[in-house]
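The lines below spell out each chain.
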Amino acid sequence: MIVFPNAKINLGLNIVSKRNDGYHNLETVFFPVKKWNDVLEVIPSTENSDEFSVSGLNIDGSSDNNLCMKALTHMRQHTSIPPLKIHLHKVIPFGAGLGGGSADAAFMLKLLNEQFQKNFSSSDLEKMAATLGADCPVFIKNQAVMARGIGNEFSGISLQLKSLWLLIVAPGIHVSTAEAYGGIIPKSPSMPINEILTKPIKEWRKFLKNDFEDTVFQKHPAIAEIKENFYRNGAIYASMSGSGSAVYGLFKDKPEITWSSTYVTHLEEIS
Ligand SMILES: C[C@](O)(CO)[C@H](O)COP(=O)(O)OP(=O)(O)OC[C@H]1O[C@@H](n2ccc(N)nc2=O)[C@H](O)[C@@H]1O
Ligand SMILES: Nc1ncnc2c1ncn2[C@@H]1O[C@H](COP(=O)(O)OP(=O)(O)OP(=O)(O)O)[C@@H](O)[C@H]1O
C-alpha cells in the first residue's frame with residue numbers, strides 16, 4: 001500500500017498561554033498543502049522483523065526515531081501488526097514548520113488501520129496521533145480547521161482560497177520547534193483568527209500574525225527577507241509557517257520570483 005503524506009501551513013498562529021506540562025496553548029488555522037507530498041510505501045516483510053529505508057531528503061536520526069516507525073510502534077501497543085517493509089521517500093523539507101514528519105506519522109496510522117482492517121475511528125486515531133506530536137492529529141482528517149489547545153482541539157472553518165496561487169519557500173534553515181517556543185512571551189490575541197479570516201484577504205496582512213515571526217526573524221534575517229520579497233512581488237498575504245523556517249505567500253496570479261538555488265520551493269494553484 002502506498003500513501004502520500006502532505007505538508008501543512010498555519011494561517012495565523014497566536015501563542016496564548018504556557019501550560020503546566022511545558023506545552024503552550026495556541027490558536028491557529030491549519031491548511032493542508034495537498035500537492036506537496038512525501039511517499040510512504042508499506043508491504044509485508046519476508047523477515048521476522050521490520051525493515052525501514054528512506055530516500056530523498058537526508059533526515060537526521062535513526063530508524064527508531066523516525067516518526068513513521070514511532071507510529072507503528074504506538075499502533076502495536078493497541079493491536080497486533082505483522083512485520084513490515086517500509087519505505088519513506090522524503091520530499092517535504094523538515095524543521096521548516098510544514099509538519100511533514102507529523103504527516104508521515106498520521107498517514108502511517110491511517111494506512112495500518114485500513115490495510116489491516118483495524119476499524120479504529122478517526123477520533124481513536126487522533127488520540128494515538130497526539131502521543132506522537134502536537135501537529136500530528138490534524139493530518140488524520142487532513143482538512144482546513146481552526147485548532148486550539150496544544151493544537152489538537154479542532155473546530156470547523158470556512159475559507160475561500162480556491163484558484164489562488166500558493167507559493168512556499170523553505171530556505172534550508174533548521175528551526176527547532178522547542179527552541180522557538182522558548183523565545184515567546186504568550187499573550188491573548190486581540191482578535192480571534194476565525195474572525196480575521198472572514199475579512200477580505202488583502203486585509204489579513206494588518207491582522208493575521210504568526211507570533212513566532214519576531215524572534216525567528218531577528219535570529220535569521222534571511223527568513224524575513226523572503227517574506228518581504230513575497231510582498232514586493234504582489235502577494236496578497238505572506239507569513240512564516242509554524243515555527244519556521246518556511247514562508248508562504250498567497251497570490252492572485254501565478255508568481256514568477258527567482259530564488260537562491262539552495263532554497264526549496266513549492267507552487268500550487270489551490271483547488
Ligand atoms: C509550531 C507548530 O508547528 C504549529 O502548528 C506546532 O505547535 C509544533 O508541533 P510539533 O512540531 O508536532 O511539536 P511537538 O513535537 O509535539 O513538540 C515539540 C516541542 O515544542 C513545544 N511545544 C509544542 C507544541 C505546543 N503546543 N506547545 C509547545 O510548547 C514543546 O517544547 C515540545 O517539546
Ligand atoms: N518522517 C520524518 N520526516 C521528517 N522529520 C522526521 C521524521 N521522523 C522524525 N523526524 C525528525 O523530526 C524533526 C522535525 O520534523 P518535521 O518535518 O515534523 O518538522 P517541522 O517541519 O518543523 O514540523 P512542525 O510544523 O511539526 O514543527 C526532524 O528534524 C527530524 O529529526
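Residues numbered from 1 in each chain as written. Chains lettered and ligands numbered in written order. Predicted model: local features only at pLDDT ≥ 70, side-chain atom pairs only at ≥ 80, totals over all residues. Heavy atoms only, no water.

Structural notes on empty space enclosed by the protein
Now for step 1: Counted by the stated rule, this structure contains one cavity of 30 Å³ or more.
Now for step 2: Quantified by volume, the largest cavity comes out at close to 40 Å³.
Now for step 3: Lining the largest cavity, in full, are Lys8, Phe30, Phe31, Pro32, Val138, Phe139, Asn142 and Gln143.
Now for step 4: Only strand 3 (24-37) and helix 4 (138-141) provide two or more residues apiece to the lining of the largest cavity.
Now for step 5: Among the elements that make up the lining of the largest cavity, the one with the highest residue count is strand 3 (three residues).
Now for step 6: Across the lining of the largest cavity, the residue classes break down as five nonpolar, two polar and one charged. (1 Å grid on protein atoms, 1.4 Å probe; cavity = no way out; pocket = protein on both sides within 12 Å on 5 of 7 lines; lining within 4 Å. Points joined across faces, edges and corners; volume = space filled by probe spheres on them. Helix = DSSP H or I, 4+ residues; strand = E, 2+ residues; numbered from the N terminus. Nonpolar A, V, L, I, M, F, W, Y, C, P; charged D, E, K, R; others polar.)

Observations regarding the domain arrangement of the chain
Now for step 1: The domain boundaries assigned to the chain delineate domain 1 (2-155) and domain 2 (159-269).
Now for step 2: Computed over C-alpha atoms only, the centres of domain 1 and domain 2 are separated by 23 Å.
Now for step 3: On the side of domain 2, 37 residues touch domain 1, which itself brings 30 residues to the contact.
Now for step 4: Of the roughly 2700 Å² buried between domain 1 and domain 2 on both sides combined, carbon and sulfur atoms contribute 67%.
Now for step 5: Counting every contact that joins domain 1 to domain 2 gives zero salt bridges. (Domains from an automatic or database assignment. Contact = heavy atoms within 4.5 Å. Buried area = accessible area lost by both parts, 1.4 Å probe. Salt bridge = Lys/Arg side-chain N within 4 Å of Asp/Glu carboxyl O.)

Some points on the UniProt feature "domain: GHMP kinase C-terminal" (unreviewed entry) in the chain
Now for step 1: Under the present numbering, the feature "domain: GHMP kinase C-terminal" (unreviewed entry) in UniProt falls on residues 200-256.
Now for step 2: Structurally, residues 200-256 is divided into 40% helix and 16% strand, and its ends, taken at the C-alpha atoms, are 24 Å apart. (UniProt positions renumbered as here; feature names shortened; annotations may be inferred.)

Topic: the sheet that holds strand 10 (residues 237-240)
Now for step 1: An order of 10-11-9-12 is seen for the four strands of this open sheet, with the pairing classed as antiparallel. What marks the edges here is a single partner per strand, and that holds for strand 10 and strand 12 (264-269). Adjacent strand axes in the sheet meet at a mean angle of 15° when their direction is disregarded.
Now for step 2: In this sheet, strand 11 (residues 247-251) lies alongside strand 10 in antiparallel orientation, the contact comprising four bridges. Looking at strand 11, one finds that Tyr237 is bridged to Leu250.
Now for step 3: Helix 9 (residues 221-232) rests against strand 9 (165-170), strand 10 and strand 11 of the sheet, and its axis sits at about 5° to strand 11. (Pairing = 2+ DSSP bridges. Axes fitted to C-alpha atoms, helices over the stretch in contact; angles between N-to-C directions.)

Some thoughts on the site of ligand 1
Now for step 1: The immediate surroundings of ligand 1 are formed by 18 residues, with Asn10, His24, Ala134, Asp135 and Tyr181 found nearest.
Now for step 2: In the model, an oxygen atom of ligand 1 is placed 2.7 Å from a nitrogen or oxygen of the His24 side chain.
Now for step 3: One of the side-chain nitrogen or oxygen atoms of Tyr181 is found 2.5 Å away from an oxygen atom of ligand 1.
Now for step 4: Isolated, ligand 1 exposes 650 Å² of accessible area, and the fraction of that covered by the protein chains is 81%.
Now for step 5: According to the grid-proximity analysis, the pocket containing ligand 1 is the largest pocket. (Near = heavy atom within 4 Å. Polar contact = N/O pair within 3.5 Å; in protein donor to acceptor, adjacent residues only side chain to side chain. Areas by Shrake-Rupley, 256 points an atom, 1.4 Å probe, with all protein chains shown as cover. Sits in = over half its atoms within 2 Å of the grid points.)

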